[in-house]
Amino acid sequence: MESLNKKFGTAPVFFTAISTILGAIMFLRFGFSIGHVGLAGTFAIVLIGHMVTIPTAMAIAEIATNQKVEGGGEYYIISRSFGLVIGSAIGIALYLSQAISVAFYIMAFTEAFSSLFEWIIQNFALPGWLEWLMLQKQTVGIPALLALTMIMLTKGASLGVKALYFVVATLAIALVAFFAGHTDYSLTHSLDFFADIGNSTSAGQHLLERTTAITRDTLSAMQDLPGYLPENPANEEISNTVPLGFFAVFAIIFPAFTGMTAGVGLSGDLKDPGRSIPLGTLSATVAGMIIYFFIAYKLAVSASPQDLADTSKLVMADIAWQGWWLIPLGLAAATISSALGSIMVAPRTLQAIAKDRIFPNSKLNYWLSRGKGDQDEPFNASVVTIVIAGAFILLGALDSVAEVISMFFMVTYGSLCLISFLQHFAADPSYRPRFKSKWYFSLFGAVACFGLMFFMNAVYAIIAILMMVLLYSLISIYNPDKKTLAVIFQGVIFQFSRQLQVFLQKAEKENTGNWRPSAIALSEDSFDRISAFDLLRWISQKYGFGTYIHMISGYLSRQSGKEARTCKNRLIKMAESTESNIYVDTLISPSFTSAVAQVIQLPGIAGTENNLLIFEFSKRDPAKLEQILDNFKLIKSVDFDVIILGSSERGFGLKKQIHIWITANDYENANLMILLGYIINGHKDWRGSEIKIFSIHPGATIESEKENLIRLIEAGQLPISTQNVSFLASESDKDIRLVICEKSKDADLSIIGFRDEAVKHDGKSIFSGYEQLGNTIFVNAAEQKKIK
């Protein structure tokens, strides 16, 4: 069934994105930009625009390779990162943007027929009612919407993708014809990067007359484009002010560069979203940027700034070879493909929202979430989307809505960049993307998105933000059971709290400690054997929180207090010299039992409860092991995970091999053992090391255990090659410890599990027999850990 539900590769993602990027604004308004700000200014607009879109594309690529992106694409990513309440508030606004965009693109599609209808009206005597009908955009818009409706509701995304290939091919032919064309202007004029209608030597009066003559119908064609700001005073000056300012033109042109996330909405229908989304999205974004550079250059060398700034005609048609029919055909292909892309992704966004039971009515959620056929096509959600789009096409006036909708898109892009940045800052060990962006790219993209909202129109930016707050409030009221503080925010808060604790610790004279789960190590031999110190700093360097406690035997006195301060300073210097992130302290206690009782009650330094205890003993002199086991019942009374480190004279050796041994008795311990190996392997001290897993099970179950373990490694994206996983059949007449010693005698670290029951029945004997090994950590998990 999985192969039936996930049928698309990378191509639909790329074509959906590129056909949306190379859309109506490219044909109708890109020359307008060169006319007003020159070729150099247009290049700057392309660069600044892609300083937003490229970080957004990188953020999507990163997030999509970390988690399985389900149906809904951008909504799924945002809701699973920010939580359902915040995510659905953004998701509903995103859906409305996508649904109304269908109307935008259909209205722009009708412009491809304007010249034909004008020619018919001028050359044929038509009844008044028919002439009036041909001048209405709905005459073409409503039938076009109905045709797309038939495609999506009867054939679904499959035929939609096939149609997408056709329109993309048509768009490509139109672009080839455009680049193949030439004009007399290109033969008589040299290129001027800074020429615009303000400094061109051509007749300015000619431009003024032509601009003044623009008809209401022509202006409405511009108003129907996404991103046009009709109520912005800058846009009102199009017909009477020469030239427009840079950001006024930017506000009109910027939507041309958006659309790179359009293919993410197909994630539920992709065979491998983790590969197809980043590859398709990034390649479409970069390809679109390059094409826009070439289009700008071609326009600048082929027509005067006055002609380019004239919005009453399609300049690209005058330049292109056979442009009188190929460019209108390309315009039709660009707009219909964008509309098709929006119709494909918008219903899936609504379906995903309904599946999360966000709407207050359970019957409405059920009806919207229902799919059709084996592919779970969002039939009902498509009906709602078509109704919304049709209503806006019938209204015809989209000017006031256009600015708010473009604001919602900016909120979406900014949210995606912000998620990537926060994940970098949160340093969650479950966040292991195959494609990694840089935190400063993501931060810049988020700031740029939200900043551009106010550059485009401050009033509508505020309106959009207020609408998001209203949606958030309503969803919170009707969904009190939904999680409001998402894991990503918890991670950021934990990390921020850790940094504050580190700062305070350094202000007193030094360092920090941490890991997740929150670990605490207790040792009396900190300056004789540093293995426990090293183990804690490796675990705590990035992924969690750790506290190292040096125990001083005795009663509290002036002398012991002075010794404690001296030891603490030594530990701080050790932490500083090793650049570790562990919090260090000392504890004076008359007995090991009282020390353990105090340690397990210590609060976590970052606001999280401690849940992992680390002890250490020497294999050569295991006296400390008896103390640890005597207090094992006390330790387990608070359900702590426990690591007991057996130190050898070899220490951690060359830090090149980590061996993990999993037996049939390690059901609860196995995942924690694997996670510990992954985290230690990620420290710079273990750079170039490899993890090997040895699984010992009875011969009858070894195949099923093999399949489960391989699936766990692949699903968790752990850096463990399947070639480094060995499966051994246990032999009843052979001690497992002999097998372990034989296979891991050269390992630098061995990880072995143990159970509570074994400690009760066999005592310290379960830790013996490993003297031939290097340092060994024995792991006991309070409960099974999940690897996602």
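## Remarks on the overall build of the protein chain
Secondary structure assignment for the protein chain yields 32 helices and 10 strands. For the protein chain, the residues scored as buried account for 57% of the 788 residues in total. Taking as baseline every contact in the protein chain between residues at least 6 positions apart, the subset at least 24 positions apart corresponds to 83%. Working note: accessible area of the protein chain is about 33,200 Å², and carbon and sulfur atoms make up 59% of it.

## Some thoughts on unusual backbone geometry
One non-glycine residue, Arg 357, lies in positive phi territory at about 55°. Residue Arg 357 is classed as partly exposed on the basis of its relative accessible area of 39%. At Lys 655, a position not held by glycine, the phi torsion is positive, near 60°. Relative to the assigned elements, Lys 655 resides in the loop between strand E5 (641-647) and strand E6 (657-663). Of the residues examined, Lys 655 reaches a relative accessible area of 23% and is grouped as partly exposed.

## Things to note about the pairing of E6
In terms of residue burial, E6 counts as a mostly covered element, since six of its seven residues are buried. As judged from the seven bridges shared by E6 and strand E7 (residues 690-697), these two strands associate in the parallel manner. Note that in E7 the partner of Gln 657 across the bridge is Glu 690. Considered for its hand, the β-α-β crossover made up of E6, helix H29 (residues 670-681) and E7 is right-handed.

## Quick notes on the packing of helix H7 (residues 114-123) against helix H8 (residues 128-135)
Here H7 crosses H8 at 160°, and the two axes come no closer than 10 Å. Considering the angle they form, H7 stands roughly antiparallel to H8. In terms of crossing hand, the pair formed by H7 and H8 is left-handed. Taking contact as the criterion, the partners of Phe 117, Ile 120 and Ile 121 in H7 are, on H8, Glu 131, Met 134 and Leu 135. Per-class residue counts for the contact of H7 with H8 are five nonpolar, no polar and one charged.

## Topic: the environment of Val 301
Position of Val 301 relative to the elements: it lies in helix H15 (residues 273-302). On a C-alpha basis, the gap between Val 301 and Ser 190 in space is 7.3 Å, while along the polypeptide they are 111 residues apart. Excluding its chain neighbours within four sequence positions, the residues that come into contact with Val 301 are Tyr 185, Ser 186 and Leu 191.

## Digging into the confidence of the model for the protein chain
Per-residue confidence for the protein chain gives a mean pLDDT of 79; residues scoring 70 or more make up 83%. Here residues 1-5 is modelled with pLDDT under 50, and outside its nearest four sequence neighbours on either side it reaches six contacts, counting other chains as well. Here residues 201-241 is modelled with pLDDT under 50, and outside its nearest four sequence neighbours on either side it reaches 74 contacts, counting other chains as well.

## Here we look at the pattern of salt bridges
Going through the model one piece at a time under the given rule, you end up with nine salt bridges. Salt-bridge contacts for Glu 616 lead to Arg 529; the nearest nitrogen and oxygen are separated by 2.5 Å. One end of the pair, Glu 616, is in strand E4 (residues 610-618); the other, Arg 529, is in the loop between strand E1 (518-523) and helix H24 (531-540), with 87 residues separating them in the sequence. The class for Arg 529 is partly exposed, based on a relative accessible area of 23%. We note a salt bridge from Arg 537 to Asp 685, for which the minimum N-O separation is 2.8 Å. Placement of Arg 537 in helix H24 and of Asp 685 in the loop between H29 and E7 is noted, with a sequence separation of 148 residues between them. Sharing partners across several salt bridges, the network here consists of Asp 525, Arg 529 and Glu 616.

## Things to note about the environment of Glu 690
Within the secondary structure, Glu 690 is located in strand E7. Using a relative accessible area of 32% as the deciding quantity, one classes Glu 690 as partly exposed. Put simply, Glu 690 and Asn 724 are 34 residues apart on the chain and 8.4 Å apart in space, counted from C-alpha to C-alpha.

## Quick word on the packing of helix H5 (residues 74-82) against helix H6 (residues 84-109)
Their axes nearest at 7 Å, the elements H5 and H6 cross at an angle of 160°. Taken together, H5 and H6 sit at an angle that is classed as roughly antiparallel. Seen from above, H5 lies across H6 with right-handed handedness. Residue-level inspection shows Glu 74, Tyr 75, Ile 78, Ser 79, Arg 80 and Phe 82 of H5 in contact with H6, the latter providing Leu 84, Ile 86, Gly 87, Ser 88, Ile 90, Gly 91, Leu 94 and Gln 98. For the contact of H5 with H6, the class distribution of residues is seven nonpolar, five polar and two charged.

Criteria and thresholds
- Residues numbered from 1 in each chain as written.
- Predicted model: local features only at pLDDT ≥ 70, side-chain atom pairs only at ≥ 80, totals over all residues.
- Heavy atoms only, no water.
- Helix = DSSP H or I, 4+ residues; strand = E, 2+ residues; numbered from the N terminus.
- Buried < 20%, exposed > 50% of the residue type's maximum accessible area, 1.4 Å probe, protein only.
- Contact = heavy atoms within 4.5 Å.
- Areas by Shrake-Rupley, 256 points an atom, 1.4 Å probe, with all protein chains shown as cover.
- Pairing = 2+ DSSP bridges.
- Right-handed = clockwise from strand over helix to strand, strands pointing away.
- Axes fitted to C-alpha atoms, helices over the stretch in contact; angles between N-to-C directions.
- Parallel < 35°, antiparallel > 145°, perpendicular 65-115°, else oblique.
- Left-handed = near helix turned anticlockwise from the far one by under 90°.
- Nonpolar A, V, L, I, M, F, W, Y, C, P; charged D, E, K, R; others polar.
- pLDDT = per-residue confidence, 0-100.
- Salt bridge = Lys/Arg side-chain N within 4 Å of Asp/Glu carboxyl O.

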